[in-house]
Amino acid sequence: MVKQKQETANQPDNTAFTQQRLPAWQPIISAGIVIPGFLIIGLAFIGIGVALFVTSQSIQVLEMDYTGVDKTSPCNRCTDPNVKSCLCQMDFSIDTLFKGPVFFYYGLSNYYQNFRKYGVSIDYNQLFGDLSYFTSPSEKCSPYQYDNNNNPIVPCGAMANSMFSDTFKLFQIVNGTNKEVPLDGKGIAWWTDSNIKYRNPSVTPLQMAFNNTVKPLLWANPAYQLDPADANNNGFINQDFLVWMRRAALPNFRKLYRRITSGDYTQGLPAGNYTLQIAYNYPVLSFGGRKTVVFSNVSWMGGKNDFLGIAYLVIGSMCIIMSIVMLIVYAKFRFSEEE
Amino acid sequence: MGSVVSYFSQLCGTKQKQEEERHLRANDRPFNLSYRYANNAIKTSKYNVFTFLPLNLFEQFRRLANAYFLVLFLLQLIPQISSLAWFTTAIPLMLVLAITAVKDASDDINRHKSDNQVNNRRVDVLIDEELRNEKWMNVQVGDMIKLENNQFVTADLLLLSSSEPLNLVYIETAELDGETNLKVKQALTVTGEMGDSIDVLAGFRGEVRCEPPNNRLDKFKGTLTVNGQTYALDNDKVLLRGCTLRNTEWCFGLVIFGGPDTKLMQNSGKTTFKRTSIDHLMNVLVLCIFGFLASMCSILAIGNAVWEGREGSAFTAFLPREPGIDAALSSFLSFWSYVIILNTVVPISLYVSVEIIRLGNSFYIDWDRKMYYPKSDTPAQARTTTLNEELGQIKYIFSDKTGTLTQNIMTFNKCSINGKVYGELFDFSGQRVEITEKTERVDFSWNQLADPKFIFHDHSLMETVREGNPEAHAFFRLLALCHTVMPEEKKEGELYYQAQSPDEGALVTAARNFGFVFRSRTPETITVMEMGIQVTYELLAVLDFNNVRKRMSVIVRSPKGKLTLYCKGADTIIYERLHPSCKTLMDVTTRHLHEYAGDGLRTLVLAYKDLDVDYMDEWGERHHEASTAMEGREERLDELYEEIEKDMLLLGATAVEDKLQDGVPQTIEQLAKAGIKIWVLTGDKQETAENIGYSCNMLREEMKEVFIVAANTAEGVKEELQNARRKMCPEAAEKPSVIKARAGLFWLQKTETIQDETVNGEYGLVINGHSLAFALEKNLQWELLRTACMCQTVICCRVTPLQKAQVVQLVKKYKQAVTLAIGDGANDVSMIKAAHIGVGISGQEGMQAVLSSDYSFAQFRYLQRLLLVHGRWSYLRMCKFLRYFFYKNFTFTFVHFWYAFFCGFSAQTVYDEWFITLYNLVYTALPVLGLSLFDQDVNDRWSFQYPQLYCPGQLSLYFNKKAFVQCMLHSCYSSLILLYIPWAAMQDTVRDDGKDIADYQSFALLAQTCLLIVVNIQLCLDTYYWTAVNQFFVWGSLAAYFAITFTMYSNGMFFIFTSSFPFVGTARNSLNQPNVWLTIFLTLLLCILPVVAFRFILIQLRPTINDKVRRKVRKEKLPAPAPRRPPARRISTRRSGYAFSHSHGYGDLVTSRRFLLKRPLRNRAVLFTQTDSPLAENQPQHYRTIKEVSEESTSP
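Residues numbered from 1 in each chain as written. Chains lettered and ligands numbered in written order. Predicted model: local features only at pLDDT ≥ 70, side-chain atom pairs only at ≥ 80, totals over all residues. Heavy atoms only, no water.

As recorded in an unreviewed UniProt entry, chain B goes by the name Phospholipid-transporting ATPase, listed as coming from Monopterus albus. According to the UniProt record, the Catalytic activity (unreviewed entry) comment for chain B reads "ATP + H2O + phospholipidSide 1 = ADP + phosphate + phospholipidSide 2." Per UniProt, chain B has the following entry under Sequence similarities (unreviewed entry): "Belongs to the cation transport ATPase (P-type) (TC 3.A.3) family. Type IV subfamily." (UniProt positions renumbered as here; feature names shortened; annotations may be inferred.)

As recorded in an unreviewed UniProt entry, chain A goes by Cell cycle control protein and comes from Monopterus albus. Taken verbatim from the UniProt record of chain A, the Subcellular location (unreviewed entry) comment is "Membrane".

Draft legend 1. Quick look at the overall build of chain A. Per the secondary structure count, chain A includes 9 helices and 11 strands. Here the C-alpha atoms of chain A give a radius of gyration of 30 Å, more than 25% beyond the 20 Å that 2.2 N^0.38 yields for 339 residues. Seen through its C-alpha atoms, chain A measures out along the principal axes to roughly 110 × 60 × 35 Å. Taking all 339 residues of chain A together, the buried fraction comes to 50%. The contacts of chain A with a sequence gap of at least 6 include a subset with a gap of at least 24, amounting to 78%. On chain A, roughly 15800 Å² of surface is accessible, and the fraction owed to carbon and sulfur atoms is 55%. Side chains of chain A give 27 positive and 24 negative charges; the mean places of these two sets differ by 2 Å. (Helix = DSSP H or I, 4+ residues; strand = E, 2+ residues; numbered from the N terminus. Rg over C-alpha atoms; globule rule 2.2 N^0.38 Å. Buried < 20%, exposed > 50% of the residue type's maximum accessible area, 1.4 Å probe, protein only. Contact = heavy atoms within 4.5 Å. Areas by Shrake-Rupley, 256 points an atom, 1.4 Å probe, with all protein chains shown as cover. Lys, Arg positive; Asp, Glu negative; His and termini not counted. Charge placed at Lys NZ, Arg CZ, Asp CG, Glu CD.)

Draft legend 2. Spatial organisation of the packing of aromatic side chains. Applying the stated rule across the entire model yields 99 aromatic pairs over all chains. Ring plane angle 75° and centroid distance 5.6 Å describe the contact between Trp219(A) and Phe241(A), whose orientation is recorded as edge-to-face. Note that Trp219(A) is positioned in the loop between helix H7 (206-209) and helix H8 (239-245) and Phe241(A) in helix H8, a separation of 22 residues in sequence. On the basis of relative accessible area, Trp219(A) is assigned to the buried category, the value being 7%. With a centroid separation of 5.9 Å and an interplanar angle of 75°, the aromatic rings of Tyr980(B) and Trp983(B) are classed as edge-to-face. On the criterion of helical spacing, the pair formed by Tyr980(B) and Trp983(B) is a turn pair, its members being 3 residues apart in helix H33 (residues 961-986). The ring of Tyr257(A) carries Arg258(A) above its face, with NZ or CZ at 4.4 Å from the centroid. (Phe/Tyr/Trp six-rings, centres within 6.5 Å; stacked < 30°, edge-to-face > 60°. Lys NZ or Arg CZ within 6 Å of the ring centre and 35° of its normal.)

Draft legend 3. Region of interest: the environment of Gln140(B). All names here are of chain B. Note that Gln 140 resides in the loop between strand S3 (130-135) and strand S4 (144-148). For Gln 140, a relative accessible area of 17% gives the class buried. In sequence terms Gln 140 and Cys 903 are 763 residues apart; their C-alpha atoms lie 73 Å from each other. In contact with Gln 140, not counting residues within four places along its chain, are Arg 29, Leu 33, Asn 39 and Val 255.

Draft legend 4. Quick peek at the domain arrangement of chain A. When cut into domains, chain A gives domain 1 (34-59 + 300-339) and domain 2 (60-297). The distance between the C-alpha centroids of domain 1 of chain A and domain 2 of chain A comes to 42 Å. (Domains from an automatic or database assignment.)

Draft legend 5. Seen up close, the domain arrangement of chain B. With domains assigned, chain B is organised as domain 1 (139-268), domain 2 (374-404 + 661-859), domain 3 (410-659) and domain 4 (869-1087). Domain 1 of chain B and domain 3 of chain B are separated by 42 Å when their C-alpha centres are compared.

Draft legend 6. Structural context of unusual backbone geometry. Residue and element names in this part refer to chain A. In this structure, Pro 143 follows Ser 142 across a cis peptide bond, with omega equal to 5°. Tracing the chain through its elements places Pro 143 in the loop between helix H4 (132-135) and helix H5 (158-161). Despite not being glycine, Gln 20 has its phi angle at roughly 55°, a positive value. Mapped onto the elements of the fold, Gln 20 is located in the segment before strand S1 (24-25). For Gln 20, a relative accessible area of 9% gives the class buried. A positive phi angle, near 55°, is found at Asn 175, a position not held by glycine. When you line up the elements, Asn 175 lands in the loop between strand S6 (167-174) and strand S7 (177-180).

In structure tokens form, the structure reads like this:
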């Protein structure tokens, strides 16, 4: 019989890919990996958890509510909407040195900066210093796009309009006299916000750019006069404005107000009595909001947050427990391999 | 133009009134044009340049998913509720539309090309009294066309005249119905007389009235009126488009139907789409998801109303309400806003990805070298690319026998002549020697006319014949004379036999090689070369085969004037008619027959009888009388045959092997181990089918019982079925337990499922066609199904194509199981179409089965690879894909749901809009595709080693409603972790330089980074098989995420598109914080570790078969060699049978004068000339034993 030479034109290619023979790593969940793995992860987590917890505990935090809901509260009188330019004082004392640098935050709660309509009510082009958006702000800013006289609002939008307007002064009471603690407001916003995202129009003086525009309805001063002390801290790159515009993810939030880094306070706030003078402008009671001031220092892990440390500790322990449970299960129930 | 045009033309058609009768006149274009019949141009393309965009978009938006996303997109354009930027939906939608459009366009371009090619074929048309070469598309109804040999038939033609005598033409209808044998058409004499005289033809003014265009290939009704005379026209006078003219120099035809009206075109394009059970499940799930989406949105809308009432109304100091929007309206708007945000639970990429995965897995089938058959150069082919995963869920296989399980090649294997056995080899010690490819073959070179492909190993038979043993000579003379084979001798000495059944061909070929060469026949004579001497026998009568007689005889007169009756037939029948003197020989031969039957061979007994001249004359007269009788012809003939076929002398017996395809028994064993039930549906006789059942291991000796249902009444069938059932399972209830349920979209479909019943031991069931007809009746079908499903093996014999489909449908309907039908011939088409999956055996004659199949390959044994490897993997991959895909999208979406409780139900998204846009398209698209294209739990060799791995697919264990709910719960858990851990960790915290980090943008970045890493690690947990591609996709996607994120949040992007990328700087400012990374890490482990622990414990407590095998793979690396199959068992029961095909014999044809008339006229073989006749091509196999070519042992 003559073997016919076969035509094999249609024979598929013999490659690892077409024949599904690609070399591969085939891990399986085996006791040898899982049980020690859980153990190691558990131990590591407990280690990290301890470090985090200790760090978090070392951070000092002083939080004071100054909303004035309580009749006895010093700011209670300022809660009356008819009172203008209300000043109130909060006294407090520090027992031990509050290690510096100390950060001074204001906090708001029940405040929905993350409400969608609030969040979109902003015109990035305008805040980027694009003058064409000064005369016709984006529709997204509505209802803070134009005022009643149809003048464009700059900066427009609900977010800018609602900028936090309380101001604070901190005094240490030394021998019965108030010694002002210098507050540093430079560089409290993100570098990218003040240098990239927000820009003043390149018009000098800055005020010229704002011709034919009006300031946001709730603002006391127009944008170009936000900081009378520092000409470079005005307009859209005013640090307080930038901090405000970085809207919070959650309804309770803190924002950086000042840092205490200079003068006699480079090491922190010494023990003693202090008084905080508050220019109370910002209304929150109408929606059940609360205002606080917070003094805090930071560590490598940021501000005080016990959750992370505790969570690591709990999960680390659970991992170890799980590894023991799995060991028992493995020892008792592992399937026979003869099948 | 698709539906619009057809709809339009339908409208016009109804206006014009549906065509009721076609009326046309030859050579009269103006007359014919007045009816506006379609000309011969065809158009299968759907679009042209201008209509492509609108029509294609229209078609695409008819798909539910696309329409859904279009609606979403429109919702997003409404500013009041637009919670997402327009591009989040638009970009994916456009991408999906574009991909589909490109695919559709390329398909349509191909159709245009083929249309053009066909339309521009040329043909001679008789116009204005001369033949002009015209394009096909310009041919009109009523034109006269001249076709030449081997040309395609241009349109549906009325045959007018031909070059052949009697106005015959021969056509091949392969393209039409897949049959390659030639068919004869004959023109009317009145038109045939015109010949090829152009003048006469041009003057022809015949008028045709006939039926309107329809799709029935086998029927045609019409009349031709010539010169006032009317002639009836039937299907024999019509050449259909799609046929090819063969062996006919020329012919003339009159165009009756052109282009779209032709029967070929009327038959095309009505394929029903098959959908997989996963598809159905997916539709149901998507519907559930819609419901779920609506309820989520409702909850959030209510939440919004509550919030507005309690908080929102007070918060107006900084965010005034828009005028006219109260809490109710606001909650209504927020409902729609949340519909937009949460739409990702039904991701647009789901359907696209599913298509891609199926396509990829189909390519693997096309590419598989282990399903490539080198002998016919045929690779496996996935003709449908949408059914892959169903291949992993098959529960029932319905197989044809001939050509599917067997090769449809018969080889003359053994014989018993005068009590002596030939064909077996023994060594010196008397042990039987197994015949292999290496065994020395008998040399037939002395015989000029021998068939070189015939193989025989026993030299003693050759010697016996050459010695001049009279019995051996008589034996082979009988084989050379008693048959209905047609010879064909193209060149001197090159003989081809055209046999109606391959058995006959094998027997005649055997006689030919042993020196009794059947050379030619006329209606009255048979010419045989007997040991080199030409002898012409006078053929006096052919006593043809039929089902009742189970034998055939010829009566011949030798040149010496001796009258002999030669008879061959089933042993039982012949034995009754033997002369008592053969008693001893009968006993010996019976023993041999038992042996042959034990080997699974098909046996025939040969006998002869010398006849007396006077008796024969008298008988001949009566025969003539009977055969011309008008009444009771059949009965009278039968009586005569009965009379003469008695007292015959036994010559011996033949054993023909119906060769199984390679590896069939192993394949069947494997499939049975995989829990698949195999039913053989064959047109063969019961004995043959049973024989094959035994030889391919479906029926086994150790089976407790093989029930045979062969009753001829409904009651009988019922009783037999019930008896069988009671025997198998005496305690079973009389009534089947039926589960009624509702299924399908909207639960509209009622289903009834008959429960499986467990039976001790293995049983077989053989049921024949008559009984099956009764059993398939409404009142008995459940009885049939119950009994049949209790049996391991079911063989239905003598079934019609329709019954095949009915059986499949019965199982489909009442078992709710996935079925697969496999076959090779046109008679299998109905069942191939009826089953969930149809498989065609390609490379054989006829393409009909392949053309209507979903998968095709050349050998039955590839079925195990298709199912156990490709099907299983496809199913596994698809299920993994779906589980993972739903998980990833639910997790993604649920985070929004939880976040709603923090943001005043304002439809604020958690993530950056760009992340939402790219999440499904870029960040997670490739890893999951990698998973679903490369994953395998164990490799192919282990899949064969443990066919049980297939079982989970049959039970739909990998993905079902329960798994879906598990996915959702898992997603719930993950999404809670993904929101609350970052929430708790970021609450009131700051950066290490005291600056803000709890802002929305940082939180969004944190949440989305956690999400992406979590879903990627989840994917890693699901991946069993890590190829380099998977690694690349997973790590590449993560890297791409960071790269794209940093790019989008970079200064440059912000300068260019200020308002589109407000997240500038976020990545830089937050991803350099240790507490952010610690949070990410915590979130990851909280999401992943419980899954790992859960899976680990599950593996220990309730390991699945996959876990066990994977464990084994790890330990052993290579599968143990397959256990050697025990040698074929010898079976004591005799299973012999008349091995001829069941249809009526060729006897009439052979003796009909008309058929052979032209042979002397033209020195050209006409009738059976196709060179690819089954006998010429299907040479006997070179080896006797089935080689162990199981896939396990060949791959590296």
